[in-house]
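# Overview (structure and organization)
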Amino acid sequence: MPRISKPSLLRNGDDGPTDERAACAAILDRAHALCALATEQATQGATFAAFELRLLRDVFELARTVLVLFLIASETRVMAEMPSRLERGGRQFRRAPAQWRRLTSWFGVLRYRRTYMREVGTSAARGFHPLDAELGLLSDRFSPNLLSIAARLATRTSFADVRLLLSWFVPTPPSTEVIESTVLGYGRHTQQWFQSAPAPTDDGDVLVIQIDSKGVPTATETELARRRGKRKRRKAAPSPRHRGRAARGGLTLKPRRKKGDKSKNAKMGTMVVMYTLRREGKLLLGPINKRYYASFAQSGHAVEVARREATKRGFPPGTPRTVQVLTDGDRHLEVWIKRLFPDAIHTIDVMHVVEKLWDAGSSIHREGSPECAAWVQAQKARLYGGKAAAIVTELAERLAAVSPTGPGNKYRREKLFEIHRYLASRTAAMDYRALRRADLELGTGPVEGAIKNLMYRRMDHGGMRWIKERAEAVLQLRCIDANGDWTAFTDNVHADARLRSSTGAERVRLQQRTAAELPQMNKAA
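Source: prediction; values computed, not measured. Numbers given for residues are sequential positions, taken from 1 along each chain in its written order. Local features are withheld for residues below a pLDDT of 70 in this predicted model, meaning they are given only at 70 or higher, and side-chain atom pairs are given and counted only at 80 or more; totals for whole chains, interfaces and linings count all residues. To obtain the side-chain values, all non-hydrogen atoms of the structure were included, while hydrogens and water were left out.

### Describing the packing of helix α17 (residues 445–459) against helix α18 (residues 468–482)
Lines fitted to C-alpha atoms define the axes here, with helix axes fitted over just the stretch in contact, and angles between the N-to-C directions of these axes take values from 0 to 180 degrees. Strands are runs of DSSP state E lasting at least two residues, helices are runs of H or I lasting at least four, and both sets are numbered from the N terminus onward. At a minimum axis distance of 10 Å, the contact between α17 and α18 shows a crossing angle of 140°. Classed by the angle they form, the pair α17 and α18 counts as oblique. Our pair here, α17 against α18, has a crossing hand that is right-handed. The segment α17 lies against α18, with Asn453, Leu454, Met455, Arg458 and Met459 engaging Ala471, Val474, Leu475, Arg478, Cys479 and Ala482. Each residue receives one of three labels: charged for Asp, Glu, Lys and Arg, nonpolar for Ala, Val, Leu, Ile, Met, Phe, Trp, Tyr, Cys and Pro, and polar for the others, Gly being one of them. By residue class, the composition of the contact of α17 with α18 is eight nonpolar, one polar and two charged. Orientation categories follow fixed angle ranges, with anything under 35 degrees roughly parallel, anything over 145 roughly antiparallel, 65 to 115 roughly perpendicular, and all other angles oblique. Left-handed describes a crossing in which the near helix is turned anticlockwise from the far one by less than a right angle; the clockwise case is right-handed. We call two residues in contact when some of their heavy atoms are within 4.5 Å.

### Regarding the pattern of salt bridges
Salt bridge, as used here: a side-chain nitrogen of Lys or Arg that lies within 4 Å of a carboxyl oxygen of Asp or Glu. Scanning the entire structure with this criterion turns up 26 salt bridges. The salt bridge partner of Arg114 is Asp132, with a shortest N-O separation of 3.1 Å. Here the residue Arg114 occupies a position in strand β3 (residues 108–120), and Asp132 occupies one in helix α3 (residues 130–135), the gap between them amounting to 18 residues. Here Arg114 matches Asp132 in class, with each residue buried. Between Arg500 and Glu506 there is a salt bridge, with its nearest N and O atoms 3.5 Å apart. Think of it in three bands: residues with accessible area under 20% of the maximum for their type are buried, residues over 50% are exposed, and the middle band is partly exposed, with areas taken using a 1.4 Å probe on protein chains only. Overall, the relative accessible area of 33% leaves Arg500 in the partly exposed class. One salt-bridge network, in which partners are shared between bridges, spans Arg54, Arg57 and Asp58.

### Some details on a nonpolar patch on the surface
Patch criteria: residues need more than 30% relative accessible area and no salt bridge. Like-charged residues are merged within 9 Å; nonpolar side chains of Val, Leu, Ile, Met, Phe, Trp and Tyr are merged within 5 Å. In this description, accessible areas are obtained by the Shrake-Rupley approach with a 1.4 Å probe, and a residue is regarded as covered only by the protein chains that are shown. A contiguous nonpolar surface patch, about 330 Å² in accessible area, is contributed by Leu164, Trp168 and Phe169. Its place among the elements puts Leu164 in helix α5 (residues 159–167).

### Topic: the sheet that holds strand β4 (residues 127–128)
Strand order in the open sheet made by the four strands is β1-β2-β3-β4, with antiparallel pairing throughout. Each of the sheet's edge strands pairs with one partner strand only, and the pair in question is β1 (85–88) and β4. Paired strands are those between which DSSP finds at least two bridges. Pairing of β1 with strand β2 (residues 91–105) involves four bridges; the strand directions are antiparallel. When the bridges of β2 are listed, Leu86 appears paired with Phe93. Lying on the sheet, helix α2 (residues 48–80) is in contact with β2 and β3; it crosses β3 at an angle near 20°.

### Comments concerning the packing of aromatic side chains
Stacked, tilted and edge-to-face pairs are distinguished by plane angle, under 30 degrees for stacked and over 60 for edge-to-face with tilted covering the rest, among Phe, Tyr and Trp rings (Trp via its six-membered ring) whose centres lie within 6.5 Å. Under the definition given, this model contains eight aromatic pairs. A centroid spacing of 5.4 Å and a plane angle of 75° characterise the contact between Phe60 and Phe107, whose relative ring orientation is edge-to-face. With Phe60 in helix α2 and Phe107 in the loop between β2 and β3, this residue pair connects regions lying 47 residues apart in the sequence. By relative accessible area, which is 29% here, Phe107 ends up partly exposed. Through successive ring pairs, a cluster of aromatic residues spans Tyr186, Trp193, Trp486 and Phe489. Note on criteria: charge over ring means Lys NZ or Arg CZ within 6 Å of the ring centre, with the direction from the centre no more than 35 degrees off the ring normal. The aromatic ring of Tyr275 is capped on one face by Lys290, whose charged end is 5.7 Å from the ring centroid. Positioned above the aromatic ring of Phe315 is the side chain of Arg321, whose terminal nitrogen or guanidinium carbon lies 4.1 Å from the ring centre.

Following this line, the structure appears as structure tokens:
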């Protein structure tokens with residue numbers, strides 16, 4: 001696809017309009033040129049598609065000129081109200097000559113002048129630009145809107161793909177390094193946002209919380225040492241297809257994995273899905289106000305967040321209202337759920353239990369046989385009928401009937417023992433008959449789907465190796481976007497940066513080269 005406009009309004013070293021009259025004249029000239037272009041292209045018989053592409057370039061150039069006019073007019077207003085000397089944050093500043101700046105906007109690169117306030121009374125002189133502070137322009141040399149859309153896309157696809165996608169629509173897309181550092185910068189504000197974000201309005205009568213953990217591929221210490229170490233100087237390869245061959249010296253040095261070895265080096269992230277149900281007669285309608293939260297911190301942290309959000313939504317500890325928490329039976333989660341949600345209905349995902357029954361059936365009967373399927377169907381009828389204890393009793397009898405010796409008996413006994421122990425310790429969370437009568441949830445489908453769509457689609461592809469802290473920034477930003485809060489979140493971040501810049505005379509930068517630390521558990525919990 002051809003470039004949609006020239007990337008810059010001005011070349012390096014060129015001076016653009018410095019007053020409103022010159023900028024307005026430049027806008028009128030370009031507007032007249034657009035009128036002439038439309039007539040000329042129509043006379044020459046240009047196609048609509050060809051003229052549309054040609055028009056994009058000139059419209060973006062016009063838009064950059066309008067932006068320059070806005071900056072010139074804003075500079076005039078700000079400096080008319082600005083004294084020659086002022087104090088900000090306990091520091092003294094004096095007016096210095098205006099400085100040129102290049103800013104990459106949605107419409108391309110533009111260049112403008114703004115006054116500089118230089119710090120006085122200290123050898124380490126620093127300063128700030130009142131215009132940038134007033135307009136919320138950061139020190140990143142990119143407009144906040146462009147950085148915001150780049151970070152938002154980066155929660156869904158790779159940094160390289162984000163740059164490619166943006167290049168189809170904007171003349172000067174940020175580099176992959178800028179996109180990644182922008183994600184890390186926004187990631188430093190996610191915890192504060194989740195804590196302060198308001199609770200949804202018009203909630204239902206029953207709160208449902210679903211929690212599950214899954215792993216994403218992370219870099220090993222060996223891989224990190226390779227990334228961070230000094231790069232070797234290699235002889236240039238004659239072509240791209242010989243590059244890897246030259247690096248290997250013709251041999252594959254990577255050792256073959258043994259049976260059962262995993263190359264994924266997965267680190268667990270915990271996903272929380274919360275929503276409410278509204279009672280109408282005997283039915284519970286929903287979901288209502290579904291919200292997501294995920295983190296690579298300890299799984300107990302996710303339960304703490306769920307506790308905080310439940311209280312915020314009107315379901316505090318000790319509430320008489322119904323709260324249901326669903327998991328896959330993970331013991332660590334169960335400990336935290338009992339501690340933070342002692343009065344909630346804890347439910348084990350029914351599909352996990354059914355899978356256990358199929359595993360048990362294949363140990364009792366031949367796998368895939370009609371007898372195996374019939375046995376599993378009979379146990380499912382018991383399960384949905386509220387007779388989980390009867391299933392546990394039969395499994396104990398089946399286990400006792402398997403001889404300790406004989407072909408395959410050791411494996412069958414081990415499998416039946418594990419399944420029996422799993423079900424026997426969780427029968428209190430498997431009263432599916434009562435749950436069906438109350439029209440409550442039986443499975444964890446919503447959280448399984450959230451893991452697939454919010455975590456795996458972005459973070460679990462071939463060749464990906466994450467660092468947990470960096471993956472945390474991407475995942476939490478993805479949850480904010482899925483919650484429908486992206487615009488409110490970025491507006492909050494930009495407003496905070498503008499406040500720091502205007503009141504503290506700081507030159508605020510959104511982009512960060514390092515990720516924030518993972519959230520810590522509440523010691524009081």
